[in-house]
Amino acid sequence: MAAGGAGGDLGAAASPLQGWERENAAREAAEGVKAGTCTVLDVVENLGSLENADPRIRTQGIQILSEVLMQCYSLLREQEVTHLVLFYENRLKDHHLVIPSVLQGLKALSMCEALAPGLAVSVLKAIFQEVHVQSLLQLDRHTVYSIIMNFMSIREAELKSLGADFTFGFIQVMDGEKDPRNLLIAFQIVRDIIVKGYALGPFAEELFEVTSCYFPIDFNPPPNDPHGIQRGDLIVSLRAVLTATPVFAEFLLPLLIEKMDSDVQSAKLDSLQTLSAACTIYGQKELKEFLPSLWSSLRREVFQTASEKIEVEGLAALRALTACLSRLVLSPDDDDLLESFLKSVLQDCRHHLCEPDMKLVWPSAKLLQAAAGGSLRAYYQITSSVLPLLVEEYTKHEQSSQHRTILEVLLGFLELRQTWGPEEEDKSPQLFPKASLCSMVFSAVSEPNVQLQLVGIQALTFLGSLQGLLAPPDVEMLVDHLVKFILYEEDPQTSSAAMEAAGTLAPAYPEVFSQCLVQKLSEKLQTEVLEDSNPSHQERYLKALAAVSTHPSIVRETVPVLLEQLQQVQKGKTPSGTQFVVSICQSLQQVALKCQQDPQSYWFFHQAVVPCLLGLAVQAAMQENSHTILSKVLLTEEALSAMVPVISAACIHLSPELASQSVSKVVPLFLDGELSFLPGNSFPSTFQPFQDGQSAMAAQRRLVALLMAFVCSLPRNVPIPQQDRLLRELLALSCSCDCPFTATVAAKCFAGLVNKHPAGTQLDHLLEMTMNKLEQGLNEGPHRGQTLTLLLWVCKALLLRYHPLSTQLTEKLLVLLGDSVLGPKVGDGFVLLMADSPDVLGKSCHAEVRLMFQQRFFTECVPQLVQRFHAAAPDMKSNYLKALSHILNHLPKPVLVTELPSLLSLLLEALSCPDRVVQMSTLHCLQPLLLDAPHIMSLHIDTLVGKFLSLTDSPTMAIRIAALQCLYALASLPTPVVIPYKARVIKALAKPLDDKKRLVRKEAVAARGEWFLLGTPGR
């Protein structure tokens, strides 16, 4: 055999090899085995160091062999494995220096498929007998656990033949383990021993003791722990062991009770969570003896809790305990543990519901509700005793606060019943007289106390949602109460709650709500508008109409009412202004959102609303020359901007077929003046929004905003008729219109269509024409600002779809940052490029948005931006800083933290920039970095403190607030870094404490308090 193939040159080794020599020898031997030029047994024969008298050299030889086995274990034959196992077992008796290498070899052999029967048992017996595991290093102990895990996965039947000896052997191996890395695998082995049915024999208590000694886990990982083991990982693994078998119950439950009674909060929390987990497998035999002690501990944790978390977990444990008792199958001679346990709960809690001061009502109610939540049987037993008592107590007390508390508790019990769904013989209505309950709730909503009214409305909503519970007169009374709150209640909380309740219940009682609420709202709205009495009342009625539009039949009534109000405004019959129009549109948008789940209602809304809004706007635009001021309300920027989301919401979810049907009418309206599909025939002139040269057409051109809302909300697979012509008209309008609003919406519409345009020669020709238009418009003429807007939107549209032309457009923007006129606007425009678009270029409008477009833009743009910043004139640098701060402000945090070291100096310079937009954007960028990248930020602590403190004197309130928030975050940096600045910061923050703005004073108090606590014990 070739010496190089099997490491034969090691046979005469008389001194230890260097690490690299050993690795080379092992690698060469492994390659020889893999290539078939030698066998593993040949390698053994050539390793003369295996018999060397020096234990260090023997260790070296076995280490080489073990490394070869780790690379070639899958190639071994059964006879080779047998010889190697016998060899390694014998070496377990060797010098202690040899043992780690022996274990490494046994780990490789434990993964062999060609392992002869009986060898797994033989190896483990040898380890249990010859190796004192806990005297080994952590890595070697981990190797032992890995050997055991491997054998358990492939030789389960053989190991079970050892009986309880296997369990006892593992107990000896694990006893005293402290390293969390090893504990994770050790806990897994223990759980497998239990779950897979290995014999515990007389060692159940010893197995419990060897694991429960770690309970509760108090491990806290060191900073920058490379192993990534968290305290929660150990808690979950240990809990899986302790709750794996009912055999542990007699040992675990006393331990849990002891820890629950301790003063350590983390121990209480862990014990309660473990009890909840244990209840899923325990039965009557395990729980019976400990029920009184468990109930005592759980009751105390709720009655005397100092932590909301512990209270929540205590209630969850009680619920799990009740559920466990409810699952027990009883024989005729068994006691009903659930009944006796719930009697104890009722005995200790029920009387607190009757106390005059009502101090312990809520803790008692929570305990009773948790116990009732375990099962339907427990629910009936608890509520049959508690609900009649609550109704009785409600009549006894007179104060509104007491009524509210009792009603909230009662409502909690009623809502709990929904957990189990419907049942054939539902006993819930039999638990109390329906008349008494209805009377109680109607009484609550009739009282003047706002908080009681809110709870009463919740109760009304719940009662109304129970089908068949309320008789028709009760339903009418319920709706009457809601109508009263909506129409007349001055408190906004109560009015909003009543609207929400009406929306929830309207699908159950559409006819009643239509007759009692929609008609009254329509009448009141008409009266208020004509009298122009109270704008807040008008807005409330509009919101209510939208809120109640949750059933198709109601939508068909509310939508015409809302549209009628817009028609009255257009005709000049109402004195309402722009805000009224905006409120109507907001309500229509809410109705559209509610209709999206029902295709028929959605199509009705689309057919009713879109033509009506377009028709009203077209009429108003044609009447522009008439001197009717009110008709111009619909043409204001605010009104048109409010109509845009309505039309968009009415189109987003259309099917391609219906969308095609609708777009075939809307686009000819704007291109050809085709008015036939609009409601009404009173159009005094032609509609030509894209015609040049006439000042009378300016009003018509503003309606391109509505065209944008329509065509940019359609799915990508819907063809746009005359799309090329439409794009040319939009391109021309966006670069030539004197009205900034019209130019902007035309640019947005153009960008939205370009983003969805299929790739090909048509798109290439369109973009070539666009580039020519941009070059011409940016170089000269009065419309450079409008052309810049078009450039930004087209760049955004192409950036989102990863079009190569976006790079060229970005370079053009970077050049324009140095323009004395357009530079500041370009800097502001980088917000548009980086932010997620909410409208035409958003995913909701079916735009093509590729993943990680922000990271791609950052990678391509920022290096050039930084380079140009350094070369820019001093008066132009603020434009570059503004662009950079906007980019970084919208970059995902992980990417930003990675790039921070190279960009932080520029961000710090941006804080000194006089531009307030730059300051604000930079502060918002830096605040999260103080928490996410403390080690990097600590390097610039002196500069940060000075900059932030100076900005607390800014004349802009928002900047003062942001600077104070940054100072608050700055205190979270490592204490040794910030403690030298404590006195300076505390002194400087005394001034903002007297700021004239309350929000500034609030942030100053928080920041100063955080700095006061620096260096104090326990912080």
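On a predicted model such as this, the values are computed, not experimentally measured, just so you know.

What follows is about the overall build of the protein. Scanning the protein for helices and strands turns up 51 helices and 0 strands. Taken over C-alpha atoms, the radius of gyration comes to 39 Å for the protein, far larger than the 31 Å a tight globule of 1019 residues would show. Across its three principal axes, the protein shows a C-alpha extent of roughly 115 × 80 × 65 Å. Long-range contacts, defined as pairs at least 24 residues apart, comprise 73% of the intrachain contacts of the protein with a sequence gap of at least 6. Here the protein displays about 43800 Å² of accessible surface, and carbon together with sulfur accounts for 52% of that area.

What follows is about the nonpolar core. Of all hydrophobic cores here, the largest spans 378 residues; its most connected members are Phe513 and Phe830. The contacts of phenylalanine 513, once residues within four sequence positions are left out, are Val479, Leu482, Ala502, Leu505, Ala506, Val518, Val548 and Ile554.

Let's shift gears to the packing of aromatic side chains. Summed over all chains, the structure comprises 13 aromatic pairs. The interplanar angle of 35 degrees and the centroid separation of 5.6 Å between the aromatic rings of phenylalanine 208 and phenylalanine 251 together place this pair among those described as tilted. Of this pair, phenylalanine 208 sits in helix α12 (residues 204-212) while phenylalanine 251 sits in helix α14 (residues 249-260), and the two are 43 residues apart along the sequence. An aromatic cluster of at least three residues, connected via ring pairs, comprises Phe128, Phe166 and Tyr198. Taking the ring centre of phenylalanine 604 as reference, the NZ or CZ of arginine 556 above it sits at 4.6 Å. If you follow lysine 877 out to its NZ or CZ, it ends over the ring of phenylalanine 869, 4.3 Å from the centre.

Time to look at helix α33 (residues 656-672). Here α33 is 17 residues long and its end C-alpha atoms lie 23 Å apart, about the 24 Å a rise of 1.5 Å per residue gives. Most pronounced at valine 663, the bend in α33 amounts to some 25 degrees. Restricting attention to buried positions, one finds in α33 the residues Ala659, Ser662, Val663, Val666, Val667, Pro668, Leu669, Phe670 and Leu671. Taken together, the buried residues of α33 touch α31 (599-622), α35 (704-711) and α36 (723-736). Two residues or fewer past α33, glycine 673 is found with a positive phi of approximately 70 degrees.

Locating aspartate 995 in the fold gives a position in the loop between α50 (982-988) and α51 (998-1012). Owing to a relative accessible area of 13%, aspartate 995 belongs among the buried residues under this scheme. There is a polar contact of 2.9 Å between the side chain of aspartate 995 and the backbone nitrogen of lysine 997. With residues up to four places along the chain from it excluded, the contact list for aspartate 995 reads Arg960, Val1000 and Arg1001.

This paragraph deals with a negative patch on the surface. On the surface, Glu205, Glu206, Glu209, Glu250 and Glu289 cluster together into a patch of negative charge. Looking at the negative patch element by element, the count peaks at 3 residues for α12. Within the secondary structure layout, glutamate 250 lies in helix α14. Of the residues examined, glutamate 250 reaches a relative accessible area of 52% and is grouped as exposed.

Let us look at the packing of helix α10 (residues 164-174) against α12. Closest axis-to-axis distance for the α10/α12 pair is 10 Å, and the angle between their directions is 25 degrees. One element, α10, and the other, α12, form an angle in the roughly parallel class. Where α10 crosses over α12, the handedness of that crossing is left-handed. Judged by residue contacts, Thr167, Ile171 and Met174 of α10 engage Glu206, Leu207, Val210 and Thr211 from α12. Class assignment of the residues belonging to the contact of α10 with α12 gives a composition of 4 nonpolar, 2 polar and 1 charged.

The next point concerns the pattern of salt bridges. Once the charged atoms of two side chains with opposite charge are near each other, the side chains can pair. Under the counting rule described, the total for this entry stands at 29 salt bridges. Residue aspartate 932 is joined to lysine 893 by a salt bridge in which the shortest nitrogen-to-oxygen separation is 3.6 Å. With aspartate 932 in helix α45 (residues 916-932) and lysine 893 in helix α44 (residues 893-910), the pair connects residues that are 39 residues apart, well separated along the chain. What emerges from the salt-bridge pattern is a single network uniting Asp261, Lys268, Arg300 and Glu301.

This brings us to the side chain of serine 375. Residue placement: serine 375 occurs in the loop between α20 (361-372) and α21 (376-396). Taking relative accessible area as the criterion, serine 375 reaches 11% and is therefore assigned buried. Other than its neighbours up to four places away in sequence, serine 375 contacts Ser326 and Trp420.

Another aspect to go through is unusual backbone geometry. Of note, the bond from phenylalanine 215 into proline 216 is cis; its omega dihedral lies within 30 degrees of zero at -5 degrees. Within the secondary structure, proline 216 is located in the loop between α12 and α13 (231-242). Of note, the phi angle at glutamine 722 is positive, near 55 degrees, even though the residue is not glycine. Position of glutamine 722 among the secondary structure elements: in the loop between α35 and α36. Even without glycine at this site, histidine 846 takes up a positive phi of about 70 degrees. Take histidine 846: it is sitting in the loop between α41 (823-834) and α42 (853-871).

Once that is clear, we can look at the packing of helix α6 (residues 99-109) against helix α8 (residues 138-154). The interhelical angle for the contact between α6 and α8, taken along N-to-C directions, is 25 degrees, at an axis separation of 9 Å. Viewed along their axes, α6 and α8 adopt a mutual orientation that is roughly parallel. Between α6 and α8 the crossing geometry is left-handed. In this structure, α6 uses Pro100, Leu103, Gln104, Leu106 and Lys107 to contact α8, whose residues at the interface are Asp140, Thr143, Val144, Ser146, Ile147 and Asn150. Taken together, the residues of the contact of α6 with α8 break down into 5 nonpolar, 4 polar and 2 charged.

Tallied over the entire structure, the rule returns 0 disulfides. With no disulfide partner, cysteine 739 has as its closest neighbouring cysteine sulfur the one in cysteine 737, 5.2 Å distant. Residue classification places cysteine 739 among the partly exposed residues on the basis of a relative accessible area of 21%. Here cysteine 861 stays free of any disulfide, with the sulfur of cysteine 795 as its closest cysteine sulfur at 8.7 Å.

This brings us to the environment of glutamine 304. As for its placement among the helices and strands, glutamine 304 is situated in the loop between α17 (291-303) and α18 (308-326). Taking C-alpha positions, glutamine 304 is 9.0 Å from proline 363, a pair spaced 59 residues apart along the chain.

Attention now goes to the environment of alanine 502. In this structure, alanine 502 sits in helix α26 (residues 492-505). Take alanine 502: its relative accessible area is 0%, and that puts it in the buried class. For the pair alanine 502 and histidine 132, spaced 370 residues apart in sequence, the C-alpha to C-alpha distance is 73 Å. Apart from the residues lying within four places of it in its own chain, the contact partners of alanine 502 are Leu482, Ile486, Phe513, Leu517 and Val548.

On average, residues of the protein carry a pLDDT of 88, and 93% of them reach 70 or more. Between the elements of the protein, mean pLDDT differs from a low of 42, seen in helix α1 (residues 3-6), to a high of 96, seen in α35. Note that residues 1-15 has pLDDT below 50 and, in this model, 35 contacts with residues that lie over four places away or in other chains. In the model, residues 626-630 has pLDDT below 50 throughout and makes 5 contacts with residues more than four positions away in sequence or in other chains.

Turning our attention to helix α22 (residues 400-416). For α22, with 17 residues, the first-to-last C-alpha span of 24 Å sits near the 24 Å given by 1.5 Å per residue. In terms of burial, α22 is a largely internal element, 12 of the 17 residues being buried. Of the positions making up α22, those classed as buried are Ser400, Gln402, His403, Thr405, Ile406, Leu407, Val409, Leu410, Leu411, Phe413, Leu414 and Leu416. In the core, the buried residues of α22 are packed alongside α20, α21, α23 (434-446) and α24 (450-465).

Conventions adopted
Residues numbered from 1 in each chain as written. Predicted model: local features only at pLDDT ≥ 70, side-chain atom pairs only at ≥ 80, totals over all residues. Heavy atoms only, no water. Helix = DSSP H or I, 4+ residues; strand = E, 2+ residues; numbered from the N terminus. Rg over C-alpha atoms; globule rule 2.2 N^0.38 Å. Contact = heavy atoms within 4.5 Å. Areas by Shrake-Rupley, 256 points an atom, 1.4 Å probe, with all protein chains shown as cover. Core = buried A, V, L, I, M, F, W, Y, C linked by side-chain atoms within 4.5 Å. Buried < 20%, exposed > 50% of the residue type's maximum accessible area, 1.4 Å probe, protein only. Phe/Tyr/Trp six-rings, centres within 6.5 Å; stacked < 30°, edge-to-face > 60°. Lys NZ or Arg CZ within 6 Å of the ring centre and 35° of its normal. Expected span 1.5 Å × (residues − 1). Bend = angle between axes of the 7 residues up to and from the residue. Polar contact = N/O pair within 3.5 Å; in protein donor to acceptor, adjacent residues only side chain to side chain. Patch = residues over 30% accessible without salt bridge, like charges linked within 9 Å, V, L, I, M, F, W, Y side chains within 5 Å. Salt bridge = Lys/Arg side-chain N within 4 Å of Asp/Glu carboxyl O. Lys, Arg positive; Asp, Glu negative; His and termini not counted. Charge placed at Lys NZ, Arg CZ, Asp CG, Glu CD. Axes fitted to C-alpha atoms, helices over the stretch in contact; angles between N-to-C directions. Parallel < 35°, antiparallel > 145°, perpendicular 65-115°, else oblique. Left-handed = near helix turned anticlockwise from the far one by under 90°. Nonpolar A, V, L, I, M, F, W, Y, C, P; charged D, E, K, R; others polar. Disulfide = S-S within 2.5 Å. pLDDT = per-residue confidence, 0-100.

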